[in-house]
Amino acid sequence: MQRESMEFDVVIVGAGPAGLSAAIRLAQLCKNKNKPLQICVIEKGEEVGAQILSGAVLDPSAMFELMPDWQMKNPPVHTAVSQDRFMFLTEKNYYRIPTPPQMRNHGNYIISLGQFCRWLAAHAESLGVNIFPGFAATEVIYDKDMRVSGVITGDKGIDKEGNKTARFQPGIELRAKQTLFAEGCRGSLTQTLIKQFNLSKDSNPQTYGLGIKELWEIPDNLHHAGFVMHTIGWPLDTKTYGGSFMYHFDKNLLAIGFVVGLDYQNPYLNPYEEFQRFKTHPSVSPLLENSKRIAYGARSLNEGGLQSIPTLTFPGGLLIGCAAGFLNVPKIKGIHNAMKSGMIAAESIFPDISQNQTYPENLKKSWVWDELYRARNIRPAMAWGLWPGLVYSALDTYIFRGKAPWTFQNHADYTQLKTTDQSEKIDYPKHDNKITFDLLSSVFLTHSKHDENQPCHLKLKDPSIAIQVNLKYYASPEQRYCPAGVYEIVYDEHNAPHLQINAANCIQCKACDIKDPTQNITWTPPEGGCGPQYTMM
């Protein structure tokens with residue numbers, strides 16, 4: 001196929017905090033050293049920020065390094081944290097417990113990460129960076145020596161049968177001397193690169209959580225700007241890792257969400273329904289009873305920490321941000337580490353744009369690596385259960401100070417699911433459509449945009465496995481771990497089951513790619529611009 005080809009010095013895949021920080025730092029260096037470079041950032045969302053979702057509380061340390069005067073540059077909403085609270089919940093009661101030092105937020109800000117990325121993108125463009133939203137990178141370009149030479153964006157205007165339609169546009173070759181992959185958690189091209197270059201051979205499997213978030217407008221008398229609360233305990237059992245967050249910010253806005261570790265064991269567990277049930281707790285429901293829900297979304301997040309970080313460089317490219325897995329789980333933050341990794345990548349390749357070998361070494365000298373090293377054992381310890389995990393976390397934090405002479409290992413999440421004959425069914429309460437809601441009304445609030453006449457972007461390696469294994473042994477867990485109603489078992493006139501994929505519902509959380517017990521589902525990007533259209537998430 002004849003494709004348009006564009007040449008750049010650096011192509012960055014993904015306009016999140018890591019990719020945009022890398023672009024800005026490169027452009028700053030170009031200006032300071034009078035050494036112009038052609039820098040391109042591509043983003044699969046229809047606009048920058050449209051597919052960005054996070055809690056989010058920002059540790060501004062990397063922001064101050066990137067732009068010391070950032071607060072003078074008209075940033076979007078950033079509400080200073082005024083109070084921290086950490087709670088243990090039972091079904092009817094709650095108990096305040098000491099906030100661990102990693103979770104203390106003095107000096108941090110509650111933000112909308114989507115808005116924050118739009119603001120970063122505008123600054124990057126003012127420095128001469130080319131940003132192309134609405135283009136999904138679907139293929140890596142390799143030269144004859146298997147060096148990465150850029151990416152190809154996905155074709156547009158292909159129907160569900162694979163035929164070209166009247167609006168067909170072939171993808172574009174974006175060629176570069178260095179390609180930075182900043183796709184975020186479980187990036188599709190990042191996964192192919194990890195396999196191609198065996199980047200995970202010296203690391204543990206990555207582990208993940210699924211974060212589900214809603215945005216509410218709440219009454220003045222219930223809103224306390226800057227108040228941050230996290231909870232553990234109910235509604236999850238003590239074997240399942242997870243917890244909630246509630247952040248009061250801006251005028252009358254409440255970001256409320258729930259994270260479930262994707263190493264959960266019970267196939268009947270439904271993360272979406274656990275979140276809905278959480279909102280009925282006596283400490284939470286009064287906030288929502290006379291309030292209005294205005295947004296919904298979900299996203300997977302890295303939880304593996306230091307021991308799950310793959311090899312970060314390969315010929316012609318490198319991994320930055322959550323594509324590599326720099327989230328600090330006990331701190332419940334990753335934006336600052338993502339930004340710093342992008343900055344270090346930029347500084348590492350700038351002297352010789354064809355080389356990237358100094359990036360891992362420079363990263364290991366930074367505060368990112370020290371922070372992740374100190375946090376490395378806390379999330380793996382939670383695999384022992386809530387109470388043993390909390391006891392170890394206290395020892396690791398207060399006695400060993402993150403420098404225990406051992407490192408716990410991680411496991412792949414998809415290996416942890418038990419079969420239905422080993423598990424207990426979970427009955428979830430009915431929704432009241434006031435505080436709790438059905439799944440499809442929630443998906444409506446993502447404002448997802450998807451042309452249904454396009455090839456299905458959710459690939460089954462073997463469709464029969466969905467019935468012969470997933471349905472038979474796990475009661476089709478994809479119907480429950482998907483927070484958007486994409487997967488559905490339907491029966492034909494002969495009562496024979498098959499898996500129906502409602503691809504237009506997909507909000508690109510990647511949980512199916514991660515949790516499927518046989519790794520039979522592969523998430524790939526839909527046509528560029530398709531997917532959720534978040535504004536304040």
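Residues numbered from 1 in each chain as written. Predicted model: local features only at pLDDT ≥ 70, side-chain atom pairs only at ≥ 80, totals over all residues. Heavy atoms only, no water.

A. Looking closely at the packing of helix α1 (residues 17-33) against helix α3 (residues 113-126). As a packed pair, α1 and α3 sit with axes 10 Å apart at the nearest point and diverge in direction by 20°. In terms of axis orientation, α1 runs roughly parallel to α3. With respect to the hand of their crossing, α1 and α3 are arranged in left-handed fashion. Residue-level contacts link P17, L20 and I24 of α1 to L113, C117, L120, A121, H123 and A124 of α3. Classifying every residue of the contact of α1 with α3 by side-chain character gives 8 nonpolar, 1 polar and no charged. (Axes fitted to C-alpha atoms, helices over the stretch in contact; angles between N-to-C directions. Helix = DSSP H or I, 4+ residues; strand = E, 2+ residues; numbered from the N terminus. Parallel < 35°, antiparallel > 145°, perpendicular 65-115°, else oblique. Left-handed = near helix turned anticlockwise from the far one by under 90°. Contact = heavy atoms within 4.5 Å. Nonpolar A, V, L, I, M, F, W, Y, C, P; charged D, E, K, R; others polar.)

B. The pairing of strand β9 (residues 137-142), seen in detail. Summarising the sheet, β9 and strand β10 (residues 148-153) pair through 5 bridges and their orientation is antiparallel. Bridge pairing in β10 links V140 to V151. The turn joining β9 and β10, which pair antiparallel and follow one another in sequence, is formed by 5 residues; a positive phi near 65° is taken by M146. (Pairing = 2+ DSSP bridges.)

C. Examining the pattern of salt bridges more closely. Taken as a whole and judged by the stated rule, the model has 22 salt bridges. R25 is the salt-bridge partner of E347, the closest N and O atoms lying 2.8 Å from each other. Placement of the pair is E347 in helix α7 (residues 335-349) and R25 in helix α1, with a sequence separation of 322 residues. The exposure class assigned to R25 is buried, which follows from its relative accessible area of 18%. Here K201 and D202 are joined by a salt bridge, their closest N and O atoms 2.9 Å apart. Neither residue differs from the other here; K201 and D202 are each classed as exposed. Each of D59, K331 and E371 takes part in a single network of salt bridges with overlapping partners. (Salt bridge = Lys/Arg side-chain N within 4 Å of Asp/Glu carboxyl O. Buried < 20%, exposed > 50% of the residue type's maximum accessible area, 1.4 Å probe, protein only.)

D. The arrangement of the packing of aromatic side chains in detail. One pass over the structure, following the stated rule, counts 17 aromatic pairs. When the ring of F88 is compared with that of W387, the centres are 5.2 Å apart and the planes differ by 55°; the resulting orientation is tilted. Remark: W387 occurs in helix α11 (residues 386-399) and F88 occurs in strand β5 (residues 83-89); sequence separation between them is 299 residues. In this structure F88 comes out as buried when scored by relative accessible area, which is 16%. In this structure W387 comes out as partly exposed when scored by relative accessible area, which is 47%. Taken together, the ring pairs in this structure connect F64, W70, Y109, F116 and W119 into an aromatic cluster. For the cation-ring pair, K35 lies above F350, with the distance from its terminal atom to the ring centre recorded as 4.5 Å. Residue placement shows R376 over the ring face of Y373; its charged tip is 3.9 Å from the ring centre. (Phe/Tyr/Trp six-rings, centres within 6.5 Å; stacked < 30°, edge-to-face > 60°. Lys NZ or Arg CZ within 6 Å of the ring centre and 35° of its normal.)

E. Structural context of the packing of α7 against helix α9 (residues 367-375). For the pair α7 and α9, the least separation of the axes is 10 Å and the interaxial angle reads 140°. Here α7 lies oblique to α9, going by the angle between them. Crossing geometry of α7 relative to α9 is assigned as left-handed. For the pair formed by α7 and α9, the contact residues are H336, N337 and K340 on the first element and W367, V368, E371 and L372 on the second. Split by residue class, the contact of α7 with α9 holds 3 nonpolar, 2 polar and 2 charged.

F. Spotlight on the side chain of Q307. By the secondary structure assignment, Q307 is in the loop between β18 (292-302) and β19 (313-314). Filtering out sequence-adjacent residues up to four positions away, Q307 remains in contact with S203, N204, R376, N377, P380, T407, F408 and N410.

G. The arrangement of the sheet that holds strand β7 (residues 109-111) in detail. Taking strand neighbours across the sheet as the criterion, the 3 strands line up as β3-β7-β4 in an open arrangement whose pairing is antiparallel. Of all strands in the sheet, those with a lone pairing partner are β3 (57-58) and β4 (78-80), marking the two edges. Alignment of β4 against β7, held across 3 bridges, turns out to be antiparallel. Bridging from a neighbouring strand, T79 pairs with I110 of β7.

H. Spatial organisation of the sheet that holds strand β6 (residues 94-97). Strand order in the open sheet formed by 7 strands is β6-β5-β15-β16-β17-β14-β18, and the pairing between neighbours is mixed. The two strands at the open ends of the sheet, each matched to only one other strand, are β6 and β18. Averaged over all adjacent pairs, the angle separating strand axes in this sheet is 20°, with direction ignored. Bridge analysis of β5 against strand β15 (residues 227-233) gives 7 bridges, and the strand direction is parallel. Paired with M87 across the bridge in β15 is T231.

That's the geometry; what it means functionally is another story.
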